[in-house]
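Tertiary structure, described
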Amino acid sequence: MDSFWQDLRYSLRVIAKNPSLTAVAVIALALGIGANTAIFSVVDAVLFRALPYRDPGTLAWATNYLPEQKQSLVFPDIYGAWRKQNHSFQSIAAYSPNADFTLTGAGTAERLHGGKVTESFLPLLGVSPRLGRNFSPEEDRPGGPLAVLLSDHLWRSQFGADPAAVGRVIALDKNSYTVVGVLPPDFEFLDNTTADLLVPFQLSDSSIQVSQGRVTIRIEAMRVVARLRPGVMLAAAQAELADINKTVLPKMPGGFAQMLSTQQAQVSSLHAHQVGNVKPALLVLLGAVAFVLLIACANVANLQLARGAAREKEMAIRGALGAGRGRLARLLFTESAAVALMGGAAGLLLAAGIIRMIRHYGPTNIPHLLSSRLDLRVLFFTLGISLLTGLLFGLAPVLAAFRVSLNDTLKEGGASGGSGAGTRRPQKALLVVEIALSLVLFICAGLLIRSFQRLTAIQTGFSVDNVLTARVSLPLNEYRAPEQQRAFFTQLVSRLQALPGATAAGAASSLPFRAGGAMLSVQIEGQPPTDLMRTRIPVAALNIVTPGYFSALRVPLKSGRLLDERDGANAPGAIVVNQAFIRQFLPHDDPLGKRVHLGPEGFSTIVGVVADVKQRSLTAEITPEIFAPLEQQPTPSLNLVIRASMNPLSLVSAVRQHILDLDSNVPLYSVQTLDDVVAAQMASQRFNAIALAAFAGLAVLLAAVGIYGVMAYAVGQRTREIGVRMALGAAPADVLRMVLRQGLVLALFGVALGLGGAFFATRLMRTLVFGVTTTDPATFIGVTTILVLVAVAACWIPARRATRVDPVVALRYE
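The helix and strand inventory of the protein stands at 24 helices and 24 strands. Once local pairs closer than 6 in sequence are excluded, the contacts in the protein between residues at least 24 apart make up 81%. For the protein, the computed accessible surface area is about 36,300 Å², with 58% contributed by carbon and sulfur atoms.

Below you can see the structure in the form of structure tokens.
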């Protein structure tokens, strides 16, 4: 132990004698360790940390995947059979993360986001209310008593953390709900969503009804979670659910057995379901920062080799005095560990800032992102990676010290010899590795940037500039009659159109990239009735709009006319359809004048065709869409859309006041600019591209510094040789070409190695790119060219310095 403290004190003195070299090494390591620590904290919170529920390893997520519809869907009929007939699960529960309510009677009306759950949901997760009780089986039956569980946040903000709130009756959508309990403060709802409250699901036995040949489907946004019995594997549970499906489907009405015959039961761990979409991107980022750290280690190793060349005589003297290889290695590794720990300490400060940025600017689809922090696990990771880093970059000078010849070094002038080729070869090898790793990382970043560019270039079909969106939902207890719904929204839209600064205003039941809207089975007059036995029933999205909707979004009219005042409540039914509707249902006919069945309202006539608009996502295929006028299809919930000649957010207070004037119990919520709505669609791709580009830029910078350092060292070692060449008549241009050629040869070796690595590494990014291949030639060629130019620039300064060598001074160089 005494020798260890002796080595440590000596190492600190050596480090203090070289402040500039130490500062460069610490900065390089801080960048690498800080980036690794920050990304590890996110990966640990998202991928490695257990879910905050009891015995999370036995929790599973179950669904039925419909390949024709490319969606997962569980009908209540299926769920009921799974619950009663399965032997794989200890318990099973259904939930929905989409249940909004308007709270009134506690001040200003407030829109709350909630969830529907079966009474088995909380016990299955091992969650108990902090106050009160869970839902009873009677409350979870259709038509049962209305009950609600409050979140801790809602209980504190709206009820002042009053324990007497349990048992109180509150008004949600003007219905009376009894508060039966308060959830724990650390409760996390599933699917990366938050819930202000939970209500019983009250599922019916069937969601499908057939009346007079017409099929009515009430599709709940139902998701299923279960807890496996001890010893039951996921594959066995999945096989059992598939067998249950086969017994249930033939009993479903309306020929749905044939339509759903292609569905596939799927069972996965709940954790895998939660993180499945973000896992590839996080692992790519973790690999990227590992590359940055390796490059930083190579840089510091080169610095240590250069410094070790000047200490060869010291090492030789220590060896002559009896120090063995193990003693020298321990001394050098102690110095490396001290530098690495200094870099780790600085990296922690950098990591704290990076984590704050990621939590603030990161995409909302990353589950548990806000729980990433510098906890004890991350601190141990930083300590471990710092010590490992010290071992990695300390290995090169140790091996170089082992090659020192005592006789040659202790001879007169031996010190001037440096390490010669013995040091230059490892330096060159490390430099080649740096360039190769930088190129791999740079190409991966280039692919994501190109992919993001392709994504932003997609035509949405509407204009996003200066458009305000918000949602308004009317309580059905007071606005049950269609005439009331029609009157409220007609008055509201009329007022919004008259707002100062508003150039157009409208409303719609569904907006682009916003969840919502109804699906309608398509029946066109004169065509054969829909065959319920078909694998895929032809459907279209039904969007209820006011006349100003199209002008507010600037959706182009392709033929016919738009909806207007002629399409009133008592006028013949009129609709507008998009081009995708025409392509699928009327590809060879003139659509104008054709009549489409819209359910109980009968047939409506197509009066116009508008351009296609991206509705579900930027990358999803555009589906058929029907636009019906609000006057003829009243609805209690609509999205407002207002185009302004100024910042649209400046209109929010005026819009809210107009709603309060009409009804103080109706809240305005989900307020966003349309530009923000579209930007949210690209949040994940933007985050991945920016993060990887930042790390790639850091890697290239470190590589450029490494190239400069190696070439500057090489020029210094060859000062005498360069002087001789110039004394014998070599021109400065010849010396310049010689040094540049040496640097470029190393760079090209690194590029060749990096290109080979990039072809393999980019295959892991197939799910992260859009519109480009993982071997995109333009990206590979462009990135390689940039890196070679960076290498040339890094070589230029030492090359220019070599041309200024004075032959007389060089010939005297020791």
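Next up on the list: the packing of helix H22 (residues 732–761) against helix H23 (residues 777–803). At their nearest, the axes of H22 and H23 sit 8 Å apart, and the two run at 150° to each other. Classed by the angle they form, the pair H22 and H23 counts as roughly antiparallel. Crossing handedness for the pair H22 and H23: right-handed. Residues Pro 732, Val 735, Leu 736, Val 739, Leu 740, Gly 743, Leu 744, Ala 747, Val 751, Leu 755, Ala 758 and Phe 759 of H22 form the contact with H23, whose own contacting residues are Phe 780, Thr 784, Val 788, Ala 791, Val 792, Cys 795, Trp 796, Ala 799, Arg 800, Ala 802 and Thr 803. Looking at the contact of H22 with H23 residue by residue, the classes come out as 19 nonpolar, three polar and one charged.

What follows covers helix H21 (residues 719–727). Listed in full, the buried residues belonging to H21 are Thr 719, Ile 722, Gly 723 and Met 726. Buried residues in H21, looked at end-on, bunch into an arc of 100°, giving them a common side. Gly 729 lies just past H21 and shows a positive phi near 115°.

Applying the stated criterion across every chain yields a total of 15 aromatic pairs. Ring plane angle 70° and centroid distance 5.2 Å describe the contact between Phe 550 and Phe 627, whose orientation is recorded as edge-to-face. Residue Phe 550 is located in helix H16 (residues 548–553), and its partner Phe 627 is located in strand S22 (residues 625–629); the two are separated by 77 residues in the primary sequence. Side by side, Phe 550 and Phe 627 carry an identical accessibility label, which is buried. Between the aromatic rings of Phe 581 and Phe 585, the centroid separation amounts to 4.9 Å while the plane-to-plane angle is 55°, which identifies the pairing as tilted. Of this pair, Phe 581 and Phe 585 both sit in helix H17 (residues 579–585), four residues apart, which is roughly one turn of the helix.

A separate point is the pairing of strand S23 (residues 637–644). Within S23, eight of the eight residues are buried, which leaves the element mostly enclosed by the surrounding structure. Here S23 shows no split at all, with Ser 637, Asn 639, Val 641 and Arg 643 on one side and Leu 638, Leu 640, Ile 642 and Ala 644 on the other all buried. Pairing geometry for strand S15 (residues 502–508) and S23, over six bridges, is antiparallel. Considered in S23, the bridge of Ala 508 is made with Asn 639.

Summarising the element assignment, Arg 454 is placed in helix H14 (residues 421–456). Classification of Arg 454 as partly exposed rests on a relative accessible area of 36%. A C-alpha to C-alpha distance of 9.5 Å links Arg 454 and Val 769, two positions 315 residues apart in sequence. Those residues in contact with Arg 454 that lie beyond four places of it in its chain are Phe 770, Gly 771 and Val 772. In this structure the side chain of Arg 454 is engaged in a polar contact, spanning 2.4 Å, whose partner is the backbone oxygen of Gly 771.

Turning our attention to empty space enclosed by the protein. What the rule picks out here adds up to four cavities of 30 Å³ or more. Considering only enclosed or pocket space, the largest cavity measures out at about 60 Å³ in volume. In terms of lining, the largest cavity is formed by Val 613, Lys 614, Gln 615, Arg 616, Ser 617, Ala 620, Glu 621, Ile 622 and Thr 623.

Secondary-structure assignment places Thr 118 in the loop between strand S4 (110–117) and helix H4 (121–125). Discounting chain neighbours no more than four positions away, the residues touching Thr 118 are Tyr 79, Ala 93, Ala 94, Asp 140, Phe 201 and Leu 203.

Positionally, Gly 608 belongs in strand S21 (residues 603–610). It is 8.0 Å that separates the C-alpha atoms of Gly 608 and Leu 563, two residues lying 45 residues apart in sequence. Every residue in contact with Gly 608, bar those within four places of it in the chain, is listed here: Ser 559, Gly 560, Arg 561, Ile 575, Val 576, Val 577 and Leu 592.

Looking at the element boundaries, Thr 334 is found in helix H11 (residues 325–361). Residue class for Thr 334 comes out buried when judged on its relative accessible area of 9%. Sequence separation of Thr 334 and Arg 9 is 325 residues, and the distance between their C-alpha atoms is 9.7 Å.

Turning our eyes to something else, we now look at the packing of H21 against H22. Orientation of H21 relative to H22, taken along the N-to-C sense of each, is 145°, at an axis distance of 10 Å. Where H21 crosses over H22, the handedness of that crossing is right-handed. Two secondary-structure elements touch here, H21 through Glu 721, Ile 722, Arg 725 and Met 726 and H22 through Pro 732, Val 735 and Met 738. For the contact of H21 with H22, a count of residues per class yields five nonpolar, no polar and two charged.

Once that is clear, we can look at the pairing of strand S19 (residues 574–578). Most of S19 is tucked away: five of the five residues are buried. Side-chain alternation along S19 places Ala 574, Val 576 and Asn 578 on one buried face and Ile 575 and Val 577 on a second face that is also buried. Both S19 and S21 contribute to a ladder of five bridges, which runs parallel. Across the sheet, Asn 578 pairs through a bridge with Val 610, a residue of S21. Judged from the two bridges that link them, S19 and S22 form a sheet pairing that is antiparallel. Counterpart to Val 577 in the pairing with S22 is Ile 626.

Looking now at a nonpolar patch on the surface. Together, Leu 341, Leu 374, Leu 376, Leu 379, Phe 380, Leu 383 and Leu 387 make up a nonpolar patch on the protein surface, roughly 630 Å² of accessible area in all. Broken down by element, the nonpolar patch gets its largest block of residues, five residues, from helix H12 (residues 376–402). Considering the arrangement of structural elements, one finds Leu 376 in helix H12.

If you check the backbone angles, His 368 has positive phi at about 60° while not being a glycine. Looking at the element boundaries, His 368 is found in the loop between H11 and H12. Phi at Arg 554 takes a positive value of approximately 60°, unusual for a residue other than glycine. Of note, Arg 554 is situated in the loop between H16 and strand S18 (557–560). Its relative accessible area of 52% is what places Arg 554 among the exposed residues.

Conventions and cut-offs
Along each chain, residue indices are assigned from 1 in the same order as the chain's sequence is written. A pLDDT threshold of at least 70 governs which residues receive local features in this predicted model, and a stricter bar of 80 or more applies before side-chain atom pairs are shown or counted, although totals over entire chains, interfaces and linings include all residues. By convention in this description, side-chain values take in all heavy atoms of the structure and omit both hydrogens and water. A run of H or I in DSSP counts as a helix once it spans at least four residues, and a run of E counts as a strand once it spans at least two, with each numbered from the N terminus. It only takes one pair of heavy atoms within 4.5 Å for two residues to be counted as in contact. Here, Shrake-Rupley sampling with a 1.4 Å probe gives the accessible areas, and only protein chains in the shown set may cover a residue. Only the contacting stretch of a helix is used when fitting its axis, a line to C-alpha atoms as for every element, and angles between N-to-C directions run 0 to 180 degrees. Small angles under 35 degrees read as roughly parallel and large ones over 145 as roughly antiparallel, with 65 to 115 read as roughly perpendicular and the rest as oblique. Crossing handedness is defined as follows: a turn of the near helix away from the far one that is anticlockwise and smaller than a right angle gives a left-handed crossing, while the clockwise case is right-handed. Only Asp, Glu, Lys and Arg are considered charged in this grouping, and only Ala, Val, Leu, Ile, Met, Phe, Trp, Tyr, Cys and Pro are considered nonpolar; every other residue, Gly among them, is considered polar. Relative accessibility decides the category of a residue: with a 1.4 Å probe and only protein chains considered, values under 20% of the type maximum give buried, values over 50% give exposed, and everything between is partly exposed. The arc in question is traced by the directions running from the helix axis to the C-beta atoms. Here a pair means two rings of Phe, Tyr or Trp (six-membered ring of Trp) with centres within 6.5 Å. Their orientation is stacked below 30 degrees between planes, edge-to-face above 60, and tilted elsewhere. Two strands qualify as a pair provided that DSSP identifies no fewer than 2 bridges between them. Polar contact is the term for a pair of N or O atoms within 3.5 Å; when the atoms are in protein, one must be able to donate a hydrogen and the other to accept it, and sequence-neighboring residues count only if both atoms are side-chain atoms. Grid spacing is 1 Å over the protein atoms alone, the probe is 1.4 Å, and a cavity is where that probe fits but cannot get out, while a pocket is an open set with protein on both sides within 12 Å along at least five of seven lines and lining residues have an atom within 4 Å of a point. Grid points are joined across faces, edges and corners, and a volume is the space filled by probe spheres set on the points. Each patch is built from salt-bridge-free residues with over 30% relative accessible area, joining like charges within 9 Å and nonpolar side chains (Val, Leu, Ile, Met, Phe, Trp, Tyr) within 5 Å. One speaks of a salt bridge when a side-chain nitrogen belonging to Lys or Arg is within 4 Å of a carboxyl oxygen belonging to Asp or Glu.

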